[in-house]
Amino acid sequence: MTSVTPAARPARTPPLAEPSAWHELRLTVNGAPVTAQVESRLLLSDFLRDRLRLTGTHVGCEHGVCGACTVLVDDTPVRSCLTLAVQCEGTALRTVESLAPADAPLTPVQRAFHECHGMQCGFCTPGFLMTATALTEQDERPAAPVVADALSGHLCRCTGYRNIRRALGQALDETYGEEGA
C-alpha cells in the first residue's frame, strides 16, 4: 500500500464561484455618473469610503445594526455595510455629502438637527440624516409609528434620542406643515 504525504499532493486553486470575480459597475452617486471595476464581494460602504473617498458614510458595527452607514439607494434607506456594491448597478445613490454641498444652505433636516442639538459626537449623525431625509421626501407626512420604526433602526450612544426625535419632528413640520394643524 502506497501512502501519499501532504507534500506530494499538488497544490490546487479553489474554483471561482462565478466566471469572473470583477464587474463593471455603473451608477449615479450624488448626482454624478460613476463607472468602476469592482469585485463581487466589495461592500458598498467600502466602495464609497475607499474608492470614492466619500467618508461621510460611517462604518460602525458592520452588521447592519447601528445604522451609521445608511445611504439612500433610489431614495430608499439602505445599510451600506450589508449591501454589495454590484447590487447598486444602475441605481441613483445618495450619501450624506449630497445634502448640502459647500456654501449651500442647510437642508431642513440638517438645520433641524443643528437647531435641536440632535447630535453630539456625530458618529451616528450621517445615518440619521439620510433616514430623516428619506422620511421628509415622501409624498405625504409619514405616520408617527413609521417615523418611530425608522428611527429604531439607528443606535446613538450620546443623545438619548430626545433631541433626534425633536429634530426630525421639526423637519417634518417644515416640510409638511405642523402635525394636526
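About the thresholds
- Residues numbered from 1 in each chain as written.
- Predicted model: local features only at pLDDT ≥ 70, side-chain atom pairs only at ≥ 80, totals over all residues.
- Heavy atoms only, no water.
- Pairing = 2+ DSSP bridges.
- Helix = DSSP H or I, 4+ residues; strand = E, 2+ residues; numbered from the N terminus.
- Buried < 20%, exposed > 50% of the residue type's maximum accessible area, 1.4 Å probe, protein only.
- Salt bridge = Lys/Arg side-chain N within 4 Å of Asp/Glu carboxyl O.
- Arc of directions from axis to C-beta.
- Contact = heavy atoms within 4.5 Å.
- Axes fitted to C-alpha atoms, helices over the stretch in contact; angles between N-to-C directions.

Undergrad: Whenever I open this one, the pairing of strand β2 (residues 32-39) confuses me. Can you help?
TA: Along any regular strand the residues' side chains alternate between the sheet's two faces. Bridge count for strand β1 (residues 22-29) against β2 is 8 bridges, and the pairing is antiparallel. Within the sheet, the bridge partner assigned to threonine 28 lies in β2 and is proline 33. Counting the residues between successive antiparallel strands, the hairpin from β1 to β2 contains 2 residues, one of them, asparagine 30, with a positive phi of roughly 55 degrees.

Undergrad: I would appreciate a short explanation of unusual backbone geometry in the present structure.
TA: Negative phi values dominate among residues other than glycine, just as trans dominates among peptide bonds. Notably, arginine 53 is not glycine yet its phi reads approximately 60 degrees, a positive angle. With respect to the element layout, arginine 53 can be found in the loop between α1 (44-51) and β3 (70-73). Residues other than glycine seldom take positive phi values, yet glutamate 62 does so here, at roughly 60 degrees. With respect to the secondary-structure elements, glutamate 62 resides in the loop between α1 and β3. Overall, glutamate 62 belongs to the exposed group, its relative accessible area being 51%.

Undergrad: Looking at this model, I keep getting lost on the pattern of salt bridges. Mind explaining?
TA: Two side chains bearing opposite charge may form a pair once their charged atoms approach each other closely. This model, assessed by the stated rule, comprises 6 salt bridges. Across the salt bridge formed by glutamate 39 and arginine 41, the nearest N and O atoms sit 3.5 Å from each other. Arginine 141 is the partner of aspartate 173 in a salt bridge, and the nearest nitrogen-oxygen pair spans 2.9 Å. Here aspartate 173, found in helix α5 (residues 162-176), pairs with arginine 141, found in the loop between α3 (125-136) and α4 (144-152); they are 32 residues apart in sequence, far enough to count as distant. Classification of aspartate 173 as partly exposed rests on a relative accessible area of 25%.

Undergrad: Explanation requested: helix α2 (residues 108-115) in the structure shown.
TA: The periodicity of an α-helix, 3.6 residues per turn, causes residues three or four positions apart to be oriented the same way. All buried positions along α2 are accounted for by Val109, Gln110, Ala112 and Phe113. Summarising the axial view, the buried residues of α2 lie within an arc of 165 degrees, below the 170-degree limit, and thus occupy one face. Contacts from the buried residues of α2 go to α3 and α5. Positive phi shows up at histidine 117, right after α2, with a value of about 55 degrees.

Undergrad: Which parts of the structure should I look at to understand the environment of leucine 135?
TA: Tracing the sequence through the fold places leucine 135 in helix α3. Residue classification places leucine 135 among the buried positions, given a relative accessible area of 5%. Note: C-alpha distance between leucine 135 and valine 109 (26 residues apart in sequence) is 9.8 Å. In this view, leucine 135 contacts Pro142, Val146, Val147, Ala150, Leu168, Leu172 and Tyr176; residues no more than four positions away in its chain are not counted.

Undergrad: Honestly, the sheet that holds β1 in this entry has me stumped. Any pointers?
TA: Note on sheets: strands pair through backbone hydrogen bonds, and any given pair is parallel or antiparallel. Strand order in the open sheet made by the 5 strands is β2-β1-β5-β3-β4, with mixed pairing throughout. With partners counted over all chains shown, the strands left at the sheet margins are β2 and β4 (76-79), one partner each. Averaged over all pairs of adjacent strands, the angle between strand axes in this sheet comes to 40 degrees, irrespective of strand direction. In this sheet, strand β5 (residues 92-94) lies alongside β3 in antiparallel orientation, the contact comprising 2 bridges. The residue of β5 that forms the bridge with leucine 72 is arginine 94. Contacting β1, β2, β3 and β5, α1 crosses the sheet at an angle of about 115 degrees to β2. Strands β3, β4 and β5 of the sheet are contacted by α3, whose axis makes an angle of about 35 degrees with β3.

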